[in-house]
Amino acid sequence: MSEENFEDKSDPRLNNQQWSDVLVQALPYFKHWVGKTVVVKYGGNAMLNEELKSDVMEDIVLLSTIGIKVVLVHGGGPEINHMLEKIGKESKFVNGLRYTDKETMEIVEMVLAGKLNKDIVGLLLQKGGRAVGLSGVDSGLLKAKKIDKDGADLGFVGSVTQVNPEVIQSLLNQNFIPVVSTVAVGEDGDMNLYNINADTAAAKIAVALGAEKFVQLTNVPGVLKDINDPHSLLQRIHISDVDGLIKDGTIAGGMIPKIECCMLAREGGVPRTHIIDGRVPHSLLIEMFSDRGIGTMIY
């Protein structure tokens, strides 16, 4: 390249020594993770910012390019709400869970397994990745049974009873990035489709694949001692301390099911489980390739 065409795009805040220090620090992590399986759950609210979404896709393509086997499992609650509003159908929730009648289930399938799943695959392809979209229906990947919540009928809402990961494993072995939407098929001859909690499905997929790491990308920094103080982040929580943190209110609200999913994955044999802030640019790379890490780890 001629000097006339050379453009220095380096960050002026970092000198050459600092850049080299960053790369040297990352090298052992590169070596450790190559060939390992990482399951990333990409949350609905963390997907709303297009610039951050682009950063996440770049991170995943980079991980795949260097030989890490990445599975992306996505939700899509806000997009489902938006589509229901467009057709004039009111969203109904029972004990915090979406009531899913037959018409709503058709919308869920259309948004999650159709538009949203293919949008994510398209973004990964644009970033240079090799991605394939799946739903839990494909090859019987996710099987589920109808659930209720405290005796209330939730319609076509299910809990995962079985994960058949062969289709994902086959794609990983061919260096593809599987992108999974969490619509499941019924078990034992039940021909209905079910709306599945994406966090729980991702945790069970991580267990079934024998993943080395399970990461939930959310729109919060992690578990905070003080919900109003982002500097009060708990970086590490031992499983034995979780009940006490729930009782004293440190872990509350929507953070409880996320922690429970981390515990589900950890107890199923996944060595590392994390809740990290998807609003931080390239938070996945920071977690994977630096000493500092990011978010909360359940160990």
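Read on for an overview of the structure. Everything quoted here is computed from the prediction, not taken from an experiment. Each chain carries its own residue numbering, running from 1 in the direction its sequence is written. Residue-level local features of this predicted model are given only where pLDDT is at least 70; pairs of side-chain atoms are given and counted only at 80 or more, and the full residue set underlies all totals for whole chains, interfaces and linings. The side-chain values count all of the structure's non-hydrogen atoms but skip hydrogen atoms and water molecules.

**Thoughts on the pairing of strand 9 (residues 183-186)**
Successive side chains on a regular strand alternate, one facing one side of the sheet and the next facing the other. Rules: Here a strand pair is declared whenever DSSP counts at least two bridges between the two strands. Labels follow the DSSP assignment, with helices taken as runs of H or I lasting at least four residues and strands as runs of E lasting at least two, numbered in each case from the N terminus.
Bridging between strand 6 (residues 142-149) and strand 9 involves 2 bridges; their strand directions are parallel. Its bridge partner lying in strand 9, lysine 143 is registered against valine 185. Here 3 bridges tie strand 9 to strand 10 (residues 193-196), and the two strands are oriented antiparallel to one another. Each bridged residue has a counterpart across the sheet, and for valine 185 the counterpart in strand 10 is leucine 193. In this antiparallel pair of consecutive strands, strand 9 and strand 10, the connection spans 6 residues, and aspartate 188 shows a positive phi of 50°.

**Some points on the sheet that holds strand 7 (residues 152-163)**
As a reminder, the rule being used: Axis lines are fitted to C-alpha atoms, over the contacting stretch for helices. Their N-to-C directions set the angle, which ranges from 0 to 180 degrees.
Ordered by their spatial adjacency, 4 strands build a closed barrel running 6-7-10-9, and the pairing between neighbours is mixed. For this sheet the average axis-to-axis angle between neighbouring strands, irrespective of direction, equals 65°. Alignment of strand 7 against strand 10, held across 2 bridges, turns out to be parallel. Considered in strand 10, the bridge of valine 157 is made with asparagine 195.

**Structural notes on the packing of helix 6 (residues 198-209) against helix 8 (residues 255-267)**
Packed helices, taken two at a time, are described by their axes: the angle between them and the distance between them. Applicable threshold: Throughout this description, any angle smaller than 35 degrees is read as roughly parallel, any larger than 145 degrees as roughly antiparallel, any in the 65 to 115 degree range as roughly perpendicular, and the remainder as oblique. Handedness of each helix crossing follows the sense of rotation of the near helix against the far helix: counterclockwise by less than a right angle gives left-handed, clockwise gives right-handed. In what follows, a contact means two residues having at least one pair of non-hydrogen atoms within 4.5 Å. Residue polarity follows a fixed list, in which Ala, Val, Leu, Ile, Met, Phe, Trp, Tyr, Cys and Pro are nonpolar, Asp, Glu, Lys and Arg are charged, and the others, Gly among them, are polar.
Viewed as axis vectors pointing N to C, helix 6 and helix 8 meet at an angle of 15°, and their least axial separation amounts to 9 Å. Between helix 6 and helix 8, the interaxial angle falls into the category roughly parallel. You can see that helix 6 and helix 8 cross each other, and the crossing is right-handed. Mapping the contact onto sequence places Asp199, Thr200, Ala203, Lys204 and Val207 in helix 6 and Lys258, Cys261, Leu264 and Ala265 in helix 8. Across the contact of helix 6 with helix 8, the residue classes tally to 5 nonpolar, 1 polar and 3 charged.

**Observations concerning the nonpolar core**
Let me state the cut-off plainly: Note on terminology: a nonpolar core comprises buried Ala, Val, Leu, Ile, Met, Phe, Trp, Tyr and Cys residues joined through side-chain atoms within 4.5 Å. Under the scheme applied here, a residue whose accessible area is under 20% of the maximum for its type counts as buried, over 50% as exposed, and between as partly exposed, the area being computed with a 1.4 Å probe on protein chains only.
Formed by 68 residues in total, the largest nonpolar core has its most connected members in Val39, Leu124, Ile168 and Phe214. Ranked by residues supplied to this core, first place goes to helix 4 (residues 102-126) with 10 residues. In this structure, Val223, Ile237, Val242 and Met255 belong to the second largest nonpolar core, which totals 12 residues.

**Observations concerning the packing of aromatic side chains**
In plain terms, the rule: Each aromatic pair joins two rings of Phe, Tyr and Trp (for Trp, the six-membered one) with centres within 6.5 Å, and gets the label stacked for planes under 30 degrees apart, edge-to-face for over 60, and tilted for any other angle.
Applying the stated rule across the entire model yields 2 aromatic pairs. Geometrically, the ring pair formed by phenylalanine 30 and phenylalanine 289 is tilted, given 4.3 Å between the ring centres and 40° between the ring planes. Here phenylalanine 289 lies in helix 9 (residues 283-289) and phenylalanine 30 lies in helix 1 (residues 16-33), a separation of 259 residues in the sequence. Since its relative accessible area comes to 8%, phenylalanine 289 is described here as buried. Aromatic pair phenylalanine 156 and tyrosine 194: ring centres 6.1 Å apart, planes at 50°, arrangement tilted.

**Quick notes on the environment of leucine 217**
Summarising the element assignment, leucine 217 is placed in strand 11 (residues 213-218). Judged by relative accessible area, which is 1%, leucine 217 ranks as buried. Leucine 217 sits 70 residues away from isoleucine 147 along the chain, and the two C-alpha atoms are 26 Å apart.

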